[in-house]
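Coordinate inspection notes
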Amino acid sequence: MQNEMQKPNFEFVALMAALMSIVALAIDALLPAISNIGEAIHSYSATDNQLLITMIFLGLGVGQLVFGPLSDCYGRKPVVYLGFILFALASVICVWAPSLEIMVVGRILQGIGLSAPRTLSISIIRDTYKGDYMAKVMSFVVAFFILIPVVAPAIGKLILDAFGWEAIFYIQLFFALVVALWFWKRQPETLKPQYKIPFTRHVFVDGVREFFKFRETIVFTFVSGLVTGAFLVYLSASQHIFETQYNLKEAFPYIFAGLAISIGLSTFMNGTLVMRFGMRKLSLFALTVFCAIAILYVLLFWGTPNPNIYILVGFLSIQFFCLGFMWGNFRSIAMEPIGHIAGIGAAINGFVSTLLAIPIATFIGDFIADSVWPLFAGLAICGILSLLIVVTTRKRKQVALTN
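We now turn to the structure provided with this report.

Reading guide: rules and limits
- All residue numbers refer to position in the chain's written sequence, counted from 1.
- Per-residue local features of the predicted model are confined to residues with pLDDT of at least 70, and side-chain atom pairs are confined, for both listing and counting, to 80 or more; whole-chain, interface and lining totals are unaffected and use all residues.
- As a convention, hydrogens and water are excluded, and side-chain values are obtained from all of the structure's heavy atoms.
- For helices the rule is a DSSP run of H or I covering at least 4 residues; for strands it is a run of E covering at least 2, with both sets numbered from the N terminus onward.
- Each residue gets one of three labels from its accessible area relative to the maximum for its type: buried under 20%, exposed over 50%, partly exposed in between, using a 1.4 Å probe on protein chains only.
- Contacts are residue-level and defined by heavy atoms, with any inter-residue pair within 4.5 Å sufficient.
- Methods summary: accessible areas were calculated by the Shrake-Rupley approach with a probe of 1.4 Å, and residue burial reflects only the protein chains presented.
- When charges are tallied, Lys and Arg are placed among the positive residues and Asp and Glu among the negative ones, while His and the ends of the chain are skipped.
- Charge positions come from single atoms, namely NZ of Lys, CZ of Arg, CG of Asp or CD of Glu.
- Residue count minus one, scaled by 1.5 Å, sets the expected span of a helix.
- Side-chain rings of Phe, Tyr and Trp (the six-membered ring for Trp) are treated as a pair once their centres are within 6.5 Å; stacked means planes under 30 degrees apart, edge-to-face means over 60, and tilted covers the remaining angles.
- A ring is considered to have a charge above it if a Lys NZ or an Arg CZ atom is located within 6 Å of its centre and within 35 degrees of its normal.
- In this description, a line fitted to the C-alpha atoms serves as the axis of each element, helices being fitted only across the stretch in contact, and the angle between N-to-C directions of two axes falls anywhere from 0 to 180 degrees.
- The patches described consist of residues with a relative accessible area above 30% and no salt bridge, like charges being joined within 9 Å and nonpolar side chains (Val, Leu, Ile, Met, Phe, Trp, Tyr) within 5 Å.
- When a carboxyl oxygen of Asp or Glu lies within 4 Å of a side-chain nitrogen of Lys or Arg, that pair is called a salt bridge.
- In this scheme the crossing of two helices becomes right-handed for a clockwise turn of the near helix relative to the far one and left-handed for an anticlockwise turn of less than a right angle.
- Under the grouping applied here, Gly and all other residues not named as nonpolar or charged are polar, the nonpolar ones being Ala, Val, Leu, Ile, Met, Phe, Trp, Tyr, Cys and Pro and the charged ones Asp, Glu, Lys and Arg.
- Here, two cysteine sulfur atoms that lie within 2.5 Å of each other are counted as a disulfide.

Side note on the overall build of the protein chain
Within the protein chain one finds 17 helices and 0 strands. Sorting the 403 residues of the protein chain into buried and exposed places 59% on the buried side. When contacts within the protein chain are restricted to residue pairs at least 6 apart in sequence, long-range pairs at least 24 apart make up 87% of them. Accessible surface, the protein chain: about 16800 Å² in total, of which carbon and sulfur atoms supply 70%. In the protein chain, the 26 positive side-chain charges and the 20 negative ones have mean positions that sit 14 Å from each other.

Below, the structure is given as C-alpha cells:
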C-alpha cells in the first residue's frame, strides 16, 4: 500500500481512467446510431431500442460478481485480460446481430466483459490509496474518464455518417486493444501475494458476509444505485428527448457533450476540495442540492409542455454538476472499510448498485414518451430516498458515538 498522502502518478490516473473509459465509449458512441441500428435490425420502437443502452449495464453488474472474486484469487491483471477477450467476442456478435434480441445479448456480453477493467480499476486504486486521498485520486480518474462521454457521441456521429454504425463497434475494439496493451506494458500487479485468497467455492459467500458487516458500505452502495438509476434514465432516453421531442438530431452530440463537461468540471473540483472538506460533507451537500433542483423542476413544469431547450439544459447542467461531487465520493466511502476484500467488495458494490439502477431506469424510461417531466420526477424521488437514507445513517452513527 502506498502512503495515502503520496501524490498520484499522472500515468496511473490516465491509465485507470482509460480502463473505465471503454465502458463510456461502448455506451455513448452508440447513442447517435440507435435509430439507425433499429432500422437495420427491424426494430422500430424507440423504447425497445433503449435496451441497447440499459442492458449493457446488466452485463456490467453481473460480470462484476465473477471477475471481482477471481481478481482476489489470481490477481487484477489476468482477470482484466479475460474481460477484454470477452468484450472483443461480444462486439463481433453485435456487428452481425440480425435482430434486437441477439443485439441485446451481445450488449449484455459486452457489459460482462467490460466489467473486468471497469471494476478492477477501482480495486487497483483501493490497493494503492485509502481514505480521503483515495477519493481525491478517484475524482481525478473520473475527471479524465468524463472526457470520453464529452466527445463520444460526436465521434459516433462522425463514424456513423462516414462508415455506418458497424464501424462504431470496430473503433471500440481498436481503443480496447490499445488500452489493453498499455495496461499490460505499464501497470504492475497491485494485489500483493500475501493478500491473495485461495479459490474455493466459499470465496464469494465469505466475501458477501464480510461486505455486509459494514453499515456505511451497505448504505452508500444502495445510495449509489439510486443515483445511478436516476442518471441512467437520462442516458438511455437522451437520444429520444433531444432528437424526437426537441427535434435537435444534429445538435444532440454537442448538447450531450456540454452536459458531460458539467460532470467533469465538478469531478475535477472534487479532487481538490475533498481534502479540505472531506468526502462525506461534500457528497451530502451535493445530494441536497441535487434533490432541490429536481423538485423545483417538477413543481415549475407540472402538467405543462416541455420548456425551452435552454431551460432544460440549465436544469440538467446543475443536476449533473452535483453528480460530480457524489459518484466518486459515494464509491470511496463504500470501499473505505473493505480494502482487505477490494476485488470482491468492488464487485458487490457495483452489482448491487447496478441491480437497483436498471429497473429504476427501465420503469421511469417508459414514461418519457412526450415529456421530460418524468425524468425529473425520477431524479427527485431517487434523490429524496438517497438523502433520507444518508441522513438517517449519519444520525444513528452520531448517537452510537455519543453512547
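That covers the picture; the talk isn't over yet.
Quick look at the side chain of threonine 393
Residue placement: threonine 393 occurs in helix H17 (residues 373-402). Under the relative-accessibility criterion, threonine 393 is labelled buried at 11%. Sequence-distant contacts of threonine 393, defined by excluding residues within four places in its chain, comprise Arg215 and Val219.

Some details on helix H13 (residues 279-300)
Given a rise of 1.5 Å per residue, 22 residues ought to cover 32 Å, and the 32 Å separating the end C-alpha atoms of H13 matches this to within 8%. Among the residues making up H13, those that are buried are Met279, Leu282, Ser283, Leu284, Ala286, Leu287, Phe290, Cys291, Ile293, Ala294, Tyr297 and Val298.

Remarks on the packing of aromatic side chains
Enumeration according to the criterion identifies 20 aromatic pairs in this entry. Geometrically, the ring pair formed by phenylalanine 231 and phenylalanine 320 is edge-to-face, given 5.4 Å between the ring centres and 80° between the ring planes. With phenylalanine 231 in helix H11 (residues 215-245) and phenylalanine 320 in helix H14 (residues 309-323), this pair connects stretches of sequence that are 89 residues apart. Accessibility assignment for this pair places phenylalanine 231 and phenylalanine 320 in one class, buried. Ring geometry for phenylalanine 252 versus phenylalanine 256: centroids 5.9 Å apart, planes at 70°, classification edge-to-face. With phenylalanine 252 and phenylalanine 256 both in helix H12 (residues 252-277) and 4 residues apart, this pair spans about one turn of that helix. The two residues phenylalanine 252 and phenylalanine 256 agree in class, both being buried. Each member of the aromatic cluster is reached from another via a ring pair, and the members are Phe231, Tyr234, Phe242, Phe252, Phe256, Phe320 and Trp327. Looking at lysine 77, its charged tip hangs above the ring of phenylalanine 183, at a distance of 5.5 Å from the centre.

Describing the packing of helix H4 (residues 51-74) against helix H5 (residues 76-96)
For any two helices packed against each other, the geometry comes down to the angle between their axes and how far apart the axes lie. As a packed pair, H4 and H5 sit with axes 7 Å apart at the nearest point and diverge in direction by 140°. Here Phe67, Leu70, Ser71, Asp72 and Tyr74 of H4 come into contact with H5, specifically with Arg76, Pro78, Val79, Leu82 and Gly83.

Some remarks on a nonpolar patch on the surface
A surface patch of nonpolar side chains, about 710 Å² in accessible area, is lined by Ile295, Leu299, Trp302, Ile381, Ile384, Leu385 and Leu388. The dominant element in the nonpolar patch, judged by the number of residues it contributes, is H17, at 4 residues. Among the secondary structure elements, isoleucine 384 is positioned in helix H17. When its relative accessible area of 35% is taken as the criterion, isoleucine 384 is described as partly exposed.

Remarks on the environment of glutamine 245
Along the chain, glutamine 245 turns up in helix H11. Taking C-alpha positions, glutamine 245 is 7.3 Å from serine 371, a pair spaced 126 residues apart along the chain.

Side note on the packing of helix H7 (residues 131-145) against helix H15 (residues 327-335)
It is the contact of H7 with H15, at a shortest axis distance of 9 Å, that shows an interaxial angle of 145°. The way H7 lies across H15 gives a crossing that is right-handed. Of the residues in H15, those touching H7 at Met134, Ala135 and Met138 are Gly328, Asn329, Arg331, Ser332 and Met335. The residue makeup of the contact of H7 with H15, split by class, is 4 nonpolar, 3 polar and 1 charged.

Comments concerning the environment of glycine 258
Relative to the helices and strands, glycine 258 is located in helix H12. On the basis of relative accessibility, which here comes to 37%, the residue glycine 258 falls in the partly exposed class. C-alpha separation for the pair glycine 258 and valine 313, spaced 55 residues apart in sequence, amounts to 8.9 Å.

A short note on unusual backbone geometry
The backbone of histidine 42 sits at a positive phi, close to 60°, despite the residue not being glycine. Secondary-structure assignment places histidine 42 in the loop between helix H2 (34-40) and helix H3 (46-49). Of the residues examined, histidine 42 reaches a relative accessible area of 59% and is grouped as exposed. For asparagine 247, which is not a glycine, the phi torsion comes out positive at approximately 55°. Mapped onto the secondary structure, asparagine 247 falls in the loop between H11 and H12. Residue asparagine 247 is classed as exposed on the basis of its relative accessible area, which comes to 65%.

Things to note about the state of the cysteines
Applying the stated criterion across every chain yields a total of 0 disulfides. Cysteine 322 takes part in no disulfide bond, and the closest cysteine sulfur, belonging to cysteine 291, lies 9.1 Å away.

What about the pattern of salt bridges?
Taken as a whole and assessed by the stated rule, the structure comprises 10 salt bridges. With a closest N to O distance of 2.7 Å, aspartate 72 and arginine 76 form a salt bridge. The two residues aspartate 72 and arginine 76 agree in class, both being buried. Ionic pairing is found between glutamate 250 and lysine 157, a salt bridge with its closest N-O pair at 3.5 Å. You can see glutamate 250 sitting in the loop between H11 and H12 and its partner lysine 157 sitting in helix H8 (residues 147-163), a full 93 residues away along the chain. On the basis of relative accessible area, glutamate 250 is assigned to the exposed category, the value being 54%. On the accessibility criterion, lysine 157 (12% relative accessible area) is buried. Each of Asp72, Arg76 and Asp127 takes part in salt bridges that share partners, so that together they form one network.

Interpretation in functional terms is not warranted from these geometric data alone.
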